[in-house]
Amino acid sequence: MVAKHSIPTFSVVIPTYNRCNVILETVQAVLNQTFSSFEVVVVDNGSTDHTSDIIRSISDSRVRYLKLKGSGSPASPRNHGIVEARGEWIAFLDSDDYWFPEKLESVANVLEKEDCDLISHFQEIRDTRTNKVIEVMGYSCDAAITYEAILRSENCFATSSIAIRRQFITNRNLHFNESVKYFAVEDYDLWLRVLANGGKAVFLNKTLGVNNVSEGHMGVPELVFKNMFELLKDHAHNVQKFTDQREDLENELISALHMRQAVLKLRMGEVWASMAGLKNAIVLRPLSPMSYFFFRLRQRFGLDSH
């Protein structure tokens, strides 16, 4: 038996791969937290640089280091981190991101008042080349966070903003999908499955960390969209229970994804690719452009989708 007082409130899981230039700053951002009841589990996904030397040089008993052979995906080290975690809550932090000092204290204060299984907050998306904030990612709608609402919109939770009750996911055997078909969208899938399994989510209306992107937010790889199509089809047919009209739901979800892709391509200056995406969206759902416009309007101004 482990004494209750020895169980930390948070297990901070940090997957990493060849990030020796930034990993110390990320870990230090956790050690600098104003809330002290935590452990740090750094899961090295087969790094070939000096990551291990850097982590092992940290003289803080709350930091643990696990070295894997390498899987090519952050899903595997995150899952290993979940298994290794001892805290009541698992907080995820990518190795090139960081938190503000009050992050864990702010989250802990909400958890004292709210009964929930998943909590998130606003996270700055910052371009490392210019050090400018591109956007602030988070749930900007006043409506309740439900499985249906998140499935029918998009992933609005930055991984480094999420904390999940450990007992909730371990009791239900929930984890990040390590399939190559879910690469880069495995986080969205897990948030959805937490909600689909009855998990209650709350959102803290506060910016508490930074996501660093090195190629600008416009540089979303085609692989993300390709795998998002797979994810949406899977959820429409095999996970969701709110409608029996699975084909209609799939068309709705895929059409909205085509719209997001079309808008992104237009912002990147790829006009013809944007037009192709728009055409695909309209073929599936003729009113997709209007629906997407109102979705973005609600998202921008925080309006209730109902």
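Preceding block: the structure.
As the structure is a prediction and not an experimental result, all values here were calculated from the model.

## Quick notes on the side chain of E39
Considering the arrangement of structural elements, one finds E39 in strand β2 (residues 38–44). At 2.9 Å, the side chain of E39 forms a polar contact with the side chain of R64. Non-local contacts of E39, meaning those with residues more than four positions away in its chain, are made with P8, F10, S11, V12, R62, R64, E84, A85, R86 and G87.

## A look at the packing of aromatic side chains
Tallied over the entire structure, the rule returns 10 aromatic pairs. For the pair F157 and F203, a centre-to-centre distance of 6.3 Å together with 25° between the ring planes defines the contact as stacked. Of the two residues, F157 sits in the loop between α5 (147–151) and β8 (163–165) while F203 sits in strand β9 (residues 201–213), which places them 46 residues apart along the sequence. Here the two residues F157 and F203 agree in accessibility, since each one is buried. Ring pairs connect the aromatic residues F122, Y139, F157 and F203, which therefore count as one cluster. One Lys or Arg, R78, reaches over the ring of F176 and ends 5.2 Å from the middle of that ring. In this structure, K103 packs its charged tip against the face of W99, placed 4.4 Å from the ring centre.

## Description of the packing of helix α8 (residues 222–239) against helix α9 (residues 246–267)
Packing of α8 against α9 brings their axes to within 9 Å, and their N-to-C directions diverge by 165°. Classified by the angle their axes make, α8 and α9 are roughly antiparallel. Handedness of the α8/α9 crossing: right-handed. For the pair formed by α8 and α9, the contact residues are E222, F225, M228, F229, L232, K233, A236 and H237 on the first element and R246, E247, L249, E250, L253, I254, L257, H258, R260, Q261, L264 and K265 on the second. Of the residues in the contact of α8 with α9, the class split is 10 nonpolar, 3 polar and 7 charged.

## What about the pairing of β2?
Buried residues dominate β2, accounting for 7 of its 7 residues. Across the two faces of β2 the burial is the same, with F38, V40, V42 and D44 and E39, V41 and V43 all buried. Here strand β1 (residues 10–16) pairs with β2 via 7 bridges, running parallel. Within the sheet, the bridge partner assigned to P15 lies in β2 and is V43. In this region the chain leaves β1, passes through helix α1 (residues 23–31) and returns to the parallel neighbour β2; the handedness of that crossover is right-handed.

Here is what the cut-offs are and how they apply
Residues numbered from 1 in each chain as written. Predicted model: local features only at pLDDT ≥ 70, side-chain atom pairs only at ≥ 80, totals over all residues. Heavy atoms only, no water. Helix = DSSP H or I, 4+ residues; strand = E, 2+ residues; numbered from the N terminus. Polar contact = N/O pair within 3.5 Å; in protein donor to acceptor, adjacent residues only side chain to side chain. Contact = heavy atoms within 4.5 Å. Phe/Tyr/Trp six-rings, centres within 6.5 Å; stacked < 30°, edge-to-face > 60°. Buried < 20%, exposed > 50% of the residue type's maximum accessible area, 1.4 Å probe, protein only. Lys NZ or Arg CZ within 6 Å of the ring centre and 35° of its normal. Axes fitted to C-alpha atoms, helices over the stretch in contact; angles between N-to-C directions. Parallel < 35°, antiparallel > 145°, perpendicular 65-115°, else oblique. Left-handed = near helix turned anticlockwise from the far one by under 90°. Nonpolar A, V, L, I, M, F, W, Y, C, P; charged D, E, K, R; others polar. Pairing = 2+ DSSP bridges. Right-handed = clockwise from strand over helix to strand, strands pointing away.

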